[in-house]
Amino acid sequence: MLSPNQISYLVFSKAGMLRFFGWLFGALFIVFVGLAGAAIYVIYDVSKDLPDYKQLASWEPSVMTRMHAADGSLLAEFAEQRRLFVPIDSVPKRLIQAYMSAEDKNFYQHNGLDWKGITSAVIRYVQVKVTGHGQIVGASTITQQVAKNFLLGNEQTITRKLKEALIVRRIEGSFTKDQILELYLNDIFLGLNSYGIAAASLNYFGKPLDQLKLEEMAYLAALPKGPNNYNPFKFPDRAVVRRNWVLLQMYQNGYITEAEMKDAQAKPFKVNPRPFGVQLFAAEGFAEEARRDLVQMYGKDALNKGGYSVHTTLEPKMQVFARQALARGLIGFDRKRGFRGPLGHVDMAGGDWAKYLNNIHLAPDAAPWRAAIVTEVTNEGATIGLQPPFLSNGQLGGERETGTIPLALLSWARSYVDGTALGKEIKSATQVLRAGDIVYVAPSGQPKQWHLVQIPEVEGALVAMDPHSGRVLAMVGGFSYGSSQFNRAVQATRQPGSSFKPIVYAAALDNGYSPASVLLDAPVEYKLQNGDVWKPKNYEKNFFGPSTLRRGIEQSRNTMTVRLADSLGMTKIADLAQRLGIYDKMPHQLSMALGAGETTLLKMTTAYSIIANGGRKVDATLIDRIQDRFGKTIYRHDNRECTGCKQDHYDPSLPEPELIDNRERVMNPYTAYQITSMMEGVVERGTGKKMQILGKPVAGKTGTTNEERDAWFVGFTPDLTVGVYIGFDNPKPMGKGRTGGELAAPVVADFMKLALADKAAIPFRVPRAIELIPIHVNTGKRGVFGDPGVILEAFKPGDEPPSNTVVIGNGSATPTAPAKPADGVVLVAPATPTTPASQQVGPADGGLTQDGNGLY
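Residue positions are counted from 1 within each chain, in the order its sequence is given. For a predicted model such as this one, the threshold for reporting local features is a pLDDT of at least 70, and the threshold for listing and counting side-chain atom pairs is 80 or more; totals across whole chains, interfaces and linings nevertheless cover every residue. Computation of side-chain values: all heavy atoms of the structure, hydrogens and water removed.

**Quick word on the overall build of the protein chain**
Only runs of H or I of at least four residues qualify as helices and only runs of E of at least two qualify as strands under DSSP, and these elements are numbered from the N terminus. Per the secondary structure count, the protein chain includes 21 helices and 25 strands. Whether a residue is buried, partly exposed or exposed follows from its accessible area with a 1.4 Å probe, protein chains only, as a fraction of its type maximum: under 20%, in between, or over 50%, in that order. Expressed as a percentage of the 856 residues in the protein chain, the buried residues total 50%. The contact criterion used throughout is that any non-hydrogen atoms of two residues lie within 4.5 Å. Pairs at least 24 residues apart make up 70% of the contacts formed inside the protein chain by residues separated by at least 6 positions. Here the accessible surface of atoms and residues is derived via Shrake-Rupley with a 1.4 Å probe, and residues count as covered only by protein chains that are part of the display. Carbon and sulfur atoms provide 54% of the accessible area of the protein chain, an area that totals close to 40000 Å².

**Structural notes on the sheet that holds strand β25 (residues 807–808)**
Any two strands with at least two DSSP-identified bridges between them are counted as paired. Taken in spatial order, the three strands line up as β17-β14-β25 in an open sheet, and their pairing is mixed. Sheet topology places β17 (545–548) and β25 at the edges, where each strand pairs with a single neighbour. The pairing of strand β14 (residues 518–521) with β25 spans two bridges and is parallel. Within β25, the position partnered with L519 by the bridge is I808. Note on geometry: axes are lines fitted to C-alpha atoms, helical ones only across the stretch in contact, with angles between N-to-C directions running from 0 to 180 degrees. Across the sheet, helix α17 (residues 558–568) lies against β14, β17 and β25, angled at about 120° from β14, the strand it touches most.

**Some words on the packing of aromatic side chains**
Stacked, tilted and edge-to-face are the three classes assigned to paired rings of Phe, Tyr and Trp, where Trp is represented by its six-membered ring and a pair needs centres within 6.5 Å; plane angles under 30 degrees give stacked, over 60 edge-to-face, the rest tilted. One pass over the structure, following the stated rule, counts 15 aromatic pairs. Between Y204 and F205 the ring centres are 6.4 Å apart and the planes differ by 45°, which places this aromatic pair in the tilted class. The exposure classification of Y204 matches that of F205, with both residues buried. With a centroid separation of 6.4 Å and an interplanar angle of 70°, the aromatic rings of Y608 and F716 are classed as edge-to-face. Of this pair, Y608 sits in helix α19 (residues 601–612) while F716 is found in strand β21 (residues 711–717), placing the two residues 108 residues apart along the sequence. Through a chain of ring-to-ring contacts, three or more aromatic side chains come together here, namely Y204, F205, Y219 and F269. When the ring centre of Y539 is taken as origin, the NZ or CZ atom of K736, which lies over that ring, is 4.5 Å away. Remark: a charge is flagged as sitting over a ring if the NZ atom of Lys or the CZ atom of Arg is within 6 Å of the ring centre and within 35 degrees of the ring normal.

**With respect to the environment of D334**
Within the secondary structure, D334 is located in helix α14 (residues 316–336). Taking the C-alpha atoms as reference points, D334 and Q454, separated by 120 residues in sequence, lie 8.5 Å from one another. In protein, a polar contact means a hydrogen-donor-capable atom and an acceptor-capable atom, both N or O and within 3.5 Å, with residues adjacent in sequence counting only if both atoms are side-chain atoms; elsewhere, any N or O pair within 3.5 Å suffices. Polar side-chain contacts of D334 include one of 3.1 Å to the backbone nitrogen of E457.

**Thoughts on the side chain of K796**
Within the fold, K796 resides in the loop between β24 (790–795) and β25. At 2.6 Å, the side chain of K796 and the backbone oxygen of L509 are in polar contact. In this structure the side chain of K796 is engaged in a polar contact, spanning 2.9 Å, whose partner is the side chain of T671.

**Observations regarding the pairing of strand β19 (residues 633–636)**
Note: strand β18 (residues 623–627) against β19, three bridges, orientation antiparallel. The residue of β19 that forms the bridge with I626 is Y635. In this structure, the hairpin formed by β18 and β19 is closed by a connection of five residues, where G631 is found at a positive phi of approximately 90°.

**Re the sheet that holds strand β12 (residues 459–465)**
The pairing of strands in a sheet happens through backbone hydrogen bonds and is either parallel or antiparallel. Sheet architecture is open: five strands sit in the order β13-β12-β22-β21-β20, paired in antiparallel fashion. Among the strands making up the open sheet, the edge pair consists of β13 (472–476) and β20 (699–704). Pairwise comparison of adjacent strand axes, ignoring direction, gives a mean angle of 5° for this sheet. Running over the sheet, helix α20 (residues 669–685) touches β20 and β21 and is turned about 65° from β20.

**Some words on the confidence of the model for the protein chain**
The predictor reports its confidence for every residue as pLDDT, a score running from 0 up to 100. Of all residues in the protein chain, 82% have pLDDT values of 70 or greater, and the mean over the chain is 84. Here residues 811–856 is a poorly scored stretch, pLDDT under 50, and it has 139 contacts once near neighbours within four places are set aside; other chains count.

**What about the pattern of salt bridges?**
Salt bridge, as used here, is a side-chain nitrogen of Lys or Arg placed within 4 Å of a carboxyl oxygen of Asp or Glu. For the structure shown, the criterion picks out 36 salt bridges. Residues D437 and R434 are paired through a salt bridge, measuring 4.0 Å at the closest nitrogen-oxygen approach. Since its relative accessible area comes to 3%, D437 is described here as buried. Residue classification places R434 among the exposed positions, given a relative accessible area of 53%. With a shortest N-O distance of 3.6 Å, E525 and K535 are connected by a salt bridge. Taken together, the residues E525 in the loop between β14 and β15 (526–527) and K535 in the loop between β16 (533–534) and β17 connect sequence positions ten residues apart. Classification of K535 by relative accessible area gives partly exposed; the value is 40%. Connected through salt bridges with shared partners, the residues R550, R551, E554, E684, R685 and E793 form a single ionic network.

**Overview of the pairing of strand β11 (residues 450–453)**
Where strand β10 (residues 437–443) and β11 come together, four bridges link them in antiparallel fashion. Paired with V441 across the strands is L452, a residue of β11. If you look at the hairpin formed by β10 and β11, you'll find six residues sitting between the two strands, and G445 has a positive phi there, around 100°.

**Focus: a nonpolar patch on the surface**
Where nonpolar side chains cluster on the molecular surface, the patch consists of W23, L24 and L28 and spans about 340 Å² of accessible area. Mapped onto the elements of the fold, W23 is located in helix α2 (residues 14–47). Given a relative accessible area of 60%, W23 falls into the exposed group. Note on patches: the residues involved have over 30% relative accessible area and no salt bridge, like charges join within 9 Å, and the nonpolar side chains Val, Leu, Ile, Met, Phe, Trp and Tyr join within 5 Å.

**Quick word on α20**
An α-helix turns once per 3.6 residues; consequently, residues spaced three or four apart project the same way. Any helix carries an expected span of 1.5 Å times its number of residues minus one. Over its 17 residues, α20 runs 24 Å from end to end, which matches the ideal 24 Å to within 8%, given 1.5 Å per residue. Among the 17 residues in α20, 13 count as buried, and that is most of the element. Capping the start of α20, N668 holds a side-chain oxygen 2.7 Å from the backbone nitrogen of Y670, two or three residues further along.

This is the structure we're talking about:
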């Protein structure tokens, strides 16, 4: 140990001083080397498991899939994270400046770590802690936030901070500033399930980035520090303060003038949240069906993260027309069945009637219908209190509103008896309503006056299709998607009834028959295996003797159709039905000729589209085209070849390119036109007369199943096919006379009248070589055009009307028994007869009998 003298010598002598500083330097050097070694080791140790920053170059974020209608309008969105990727070049400059002012004003000057900012943040932290006033500011740069958000997570540890410091240097050395900023602006969470600035702009303000105002940009830039802290609905005052602070920073950084800052700070704070989901009225069912198709094609995960741009076939105007037409048809029929009574009844003790309406929820797509409570009833009408409309937050809002239901607007509400019979005629409102009744009402068009309405018990569906491409232009799967998400256009399998008959007749035309062929309309019997006898009947319960095939389909004759199917053989009919896509595998049973087999409205409409386009195969589609997140087309429904379409420049001397139609032909074009002409007769002279209101060439066929359980009409013009069915979800009789011609055809006519209002009347296209020969519509014999009952009938090349009438129906192969009753068929037992011919009723060769003699 050194003595005091020795220490004094070392400190105060020159030699001692040198020795002391030499010792001190050595000690410090050893410490420095130790610390440096430790730092190197720590850096080495931390660096061993650093995430690979190069993955940022191939980053594919979870991007929202957007679905558009045919006119480009937004239909729906699907996402786990509501994000839209936007290139940095497309981001408004002022929005970038707003984020830099709020988050990293020196972004373009530092190399990942802003030491000046860190120093300022430390000084500011000390000031706030000492004085207790002010706001602590962060020092993380945008590059650090990218490293944290993409690679490291939010763990608050020294190790994570060290990793962050190392990674940001590597990121800054490998990526440009614009690339880093692009990653940041597209990834950051900004509340309302918005990831990235593009989604936030839409979700908060309902507009794209290039339409944002300065104050709106400032608010979006205020959100990264804590979106929930500046939620515009929960904390609007905080949001304004933070927005104004960002504007101040922009001014201090020289990005805006003082006048611009003060003007923006003075603006009221308004947001316009955009609803997530289906954006077009009445299109929910269509969007959901298209979503199912996408999931089947690519999977649910890809749909919600893949950022697809889906171009659908939906025509928004047609969709609205379809919803209106179907709703009118269902409401009109439902009213004919009478009023089923109020939704409920309450004791009106006291005057606070509004509380009784709080728990009544009407589907949003039922607007403008409202729930109401009857407060007073007189002979002349009822006084009602109206439920306030629901706000965007799902709560009732608005002032109390009252109105009246005049007698004239509830006179339809005769009491329900059995679906066909109604109660007494309404002469006083007291016959229908009493104080305390809760009902639905609809605007009448007159101030304070409302219609009494009820949600239809019956349901239905409508499909409109382009017959040349299979594009579904409109689809409505029921009265209200909000009340029932079951899409009856594609999910309900129903018996098509007589709307299937054109397939039977088309198969006959393909096998030697003509529209002028004469078939017997007379009683016919089929003995079944169990000994029972099936006797198909016409809807009118009478018979008309020899009739042309045209008359058979125009008047929807059941016995004629069964005879024709029996004579032709069910194999040919089943083959055509399967090629048309109506059934995957059709049973070879005679009742199938009368529409006993179950299928969907979409399949039937597609089959009629094939007839309408001349026999070319079309596949129904709700999707035209799909693009990936980079704009590359990865799916296109129209796969026709166009070799001349791809040209570097337009050359007017070249002929127009032709689309090569290589689609399968499933029906002879002559047959397609013949059956089309026959179905024109259905509208002109047969069961589809309600379609005449359209005033344009239209063909189609009605369908009615046993006991009027289903009512169908599928019809088409040269460029539009429409199918409608109406029936109860749990099939039950709708009432005598509630046929396809009475219920479904008017709905199709209503829709077509709206959809084709601005379209010129176009006749059906006649194939070359078809011969139009005047014949008597009833006998099939040649006639003089212009004479009563004479029409121009379509004959295939080489065919002509026979000089002598030959009645078909006096012999055919052994029939096969029906599977299910349909369209007036009285089915005794669903069994295939195997009894010997000698035991069958009627002639052994066909099992047919007319008036008990087998002959007419």
